[in-house]
Amino acid sequence: MPCTADPTPPPLLIAGATVVAAEELWSPGWLVAAGGRIQALGPGEAPGGVRAEVTALGTVVDGRGSVLLPGFIDVHVHGGDGADAMDADPDGLRRMARFHARHGVTALLPTTWSAPPSALEAAVAAIAEAAGPVEGGATIAGAHLEGPWINPARAGAQDPAGIRPPDGAEARRLLDLRRGVVKLVALAPEMPGADEVIEECRARGVVVAAGHTEADWGEMVAAVAAGVRHVTHTVNAMVGLGHREPGTAGAALALTELRCELIADGHHVHAGAMAVLARAKGPGGVVLISDAIRAAGLAEGEVDLGGRAAQHCCGAVRLADGRLAGSVLTLDVALRNFAAASGWGWPDLARAAAGNAAEALGLSSKGRLAPGLDADLVLLGEDGAGEVLLTVVEGRVVHRHG
Ligand SMILES: [Zn+2]
């Protein structure tokens, strides 16, 4: 079913909040959305005329004591609320989009993992069917293929049976499915055949990430020269930083062309390592992701990982051997954890949670609060330290707390 929401949402005014507008911070500030876009925003009190007009036609939200940010963009998310991208179920994808919207996400890329060709194609087809606005949820902005062209030596929790060498013909088939719904591909650039896949991606404007990889410094330099611009869950499932062998992690930190994903759940990466990443990459180079799986939002217990059993306990999901298997993280929590680790202020945090992802994917109408852009908004309570009070997707309130 396509989205059935009213195509012209009523105007919305959020007044009194701390407003994180691109490089500026207004406390208080205001923002008005109309027709699905940000119409105007500014410091201080909302102009009387704006308030009167919105009061008559739409909704006025009292934002005092809260922080208004661009809606979060999660480019690496496998599932949530019991649904998983590999289920190849458009309704499940919509459920996942609604779940993550309750945690401030306004756009996401459902993410597949290594699987046989027929399973991957079915998953991509389902994402294409659900792509676009989701009633009551985040916009599905395309698909992310995490594998199958990864290094089996760094499989992490991916099923080794689904991993295979990079193959240009398979890449062409997957990338051309459903008019190019695939927006991001994570692969191991050192594997034979990777260059051809990178080239196929580049030719279609698909972002390529180095992930689940043993690439060394030289291989990462070559990968960047070939067009790799993104790093999958940085420092996880790659060669760590050594002082004589900087490894994949050293290259990710040092090469300025690369934007680095981070799972800021406190299980995948130590807060000190998050701080290193923040210092090395700066505000333009960090992309917070959830890497959430279907267990996110569910009670703890056993989880099915595509036929393999894992345990969801104590805020993490692990295979029987103790390896982490995705996360149960949500981006509101990631933002809080990363804020504490990095010490960054709101404008920089907004880039990590939204702006950098939008830039990476070429979503020029998202990721920032500025007039004319999509009204994708999140309002966080308790001066930003609290829950998601409100999520707005293209001008429509999709979540309101309480
Ligand atoms: Zn993942």
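Counting starts from 1 at the beginning of each chain's written sequence and moves along it residue by residue. pLDDT decides what is reported in this predicted model: residues at 70 or higher carry local features, side-chain atom pairs at 80 or more are listed and counted, and totals for whole chains, interfaces and linings draw on all residues regardless.

Caption draft 1: Representation of the overall build of the protein chain within the structure. Tallying secondary structure elements over the protein chain gives ten helices and 22 strands in all. Computation of the radius of gyration draws on C-alpha atoms alone. For the globule rule, the value is 2.2 Å times the number of residues to the power 0.38. At 20 Å, the protein chain has a C-alpha radius of gyration in line with the 21 Å of a compact globule built from 402 residues. If you line up the protein chain on its principal axes, its C-alpha atoms span 65 × 45 × 45 Å. Here the C-beta atoms are placed from the backbone, and a residue counts as buried if at least 20 other C-beta atoms lie within 10 Å of its own, exposed if 12 or fewer do, and partly exposed otherwise. Here the protein chain, with 402 residues, has 58% of them falling under the buried criterion. Within the protein chain, contacts between residues separated by at least 24 positions form 70% of all contacts whose residues are at least 6 apart in sequence. Secondary structure counts use DSSP, requiring at least four H or I residues in a row for a helix and at least two E residues in a row for a strand, with both numbered from the N terminus. Contact between residues is assigned whenever the C-beta positions, reconstructed from backbone atoms, fall within 7 Å.

Caption draft 2: Quick look at the packing of helix α2 (residues 90-101) against helix α3 (residues 117-130). Axes here refer to lines fitted to C-alpha atoms; in helices the fit is confined to the stretch in contact. Angles between the N-to-C directions go from 0 to 180 degrees. At a minimum axis distance of 8 Å, the contact between α2 and α3 shows a crossing angle of 60°. Relative to α3, the crossing made by α2 is right-handed. Between α2 and α3, the residues in contact are Pro90, Leu93 and Arg94 and Ala126, Ile127, Glu129 and Ala130, respectively. Three categories are distinguished: nonpolar for Ala, Val, Leu, Ile, Met, Phe, Trp, Tyr, Cys and Pro, charged for Asp, Glu, Lys and Arg, and polar for the others, with Gly belonging to the last. When the residues that make up the contact of α2 with α3 are grouped by side-chain class, the tally is five nonpolar, no polar and two charged. Handedness of a crossing is defined here by the sense of rotation of the near helix relative to the far one, left-handed for an anticlockwise turn of less than a right angle and right-handed for a clockwise turn.

Caption draft 3: The arrangement of the sheet that holds strand β18 (residues 308-313) in detail. Here, a strand pair is defined by DSSP locating no fewer than two bridges between the strands. Reading across the sheet, the three strands line up as β17-β18-β19 and stay open at both edges, with antiparallel pairing between neighbours. Of all the strands in the sheet, just β17 (301-305) and β19 (316-319) have a single pairing partner and so form its edges. Recorded for the sheet is a direction-independent mean angle of 35° between the axes of neighbouring strands. When β18 meets β19, the two strands line up antiparallel, connected through four bridges. Residue pairing in the sheet places Ala310 in a bridge with Leu319 of β19.

Caption draft 4: Representation of the pairing of strand β9 (residues 105-112) within the structure. Of all eight residues that make up β9, eight are buried, and the element is covered over most of its length. Here two bridges tie β9 to strand β10 (residues 139-140), and the two strands are oriented parallel to one another. Of the residues in β10, the one forming a bridge with Leu108 is Ile140. As defined by bridge partners, β9 adjoins strand β11 (residues 143-146) across two bridges and the pair is classed as parallel. Within the sheet, the bridge partner assigned to Thr112 lies in β11 and is Leu145.

Caption draft 5: Up close: the environment of Gly79. Relative to the assigned elements, Gly79 resides in strand β7 (residues 79-80). With 183 residues separating them in the primary sequence, Gly79 and Leu262 have C-alpha atoms 17 Å apart. For Gly79, the contacting residues outside a window of four places in its chain are Asp84, Ala85, Met96, Ala292, Ile293, Arg294 and Ala296.

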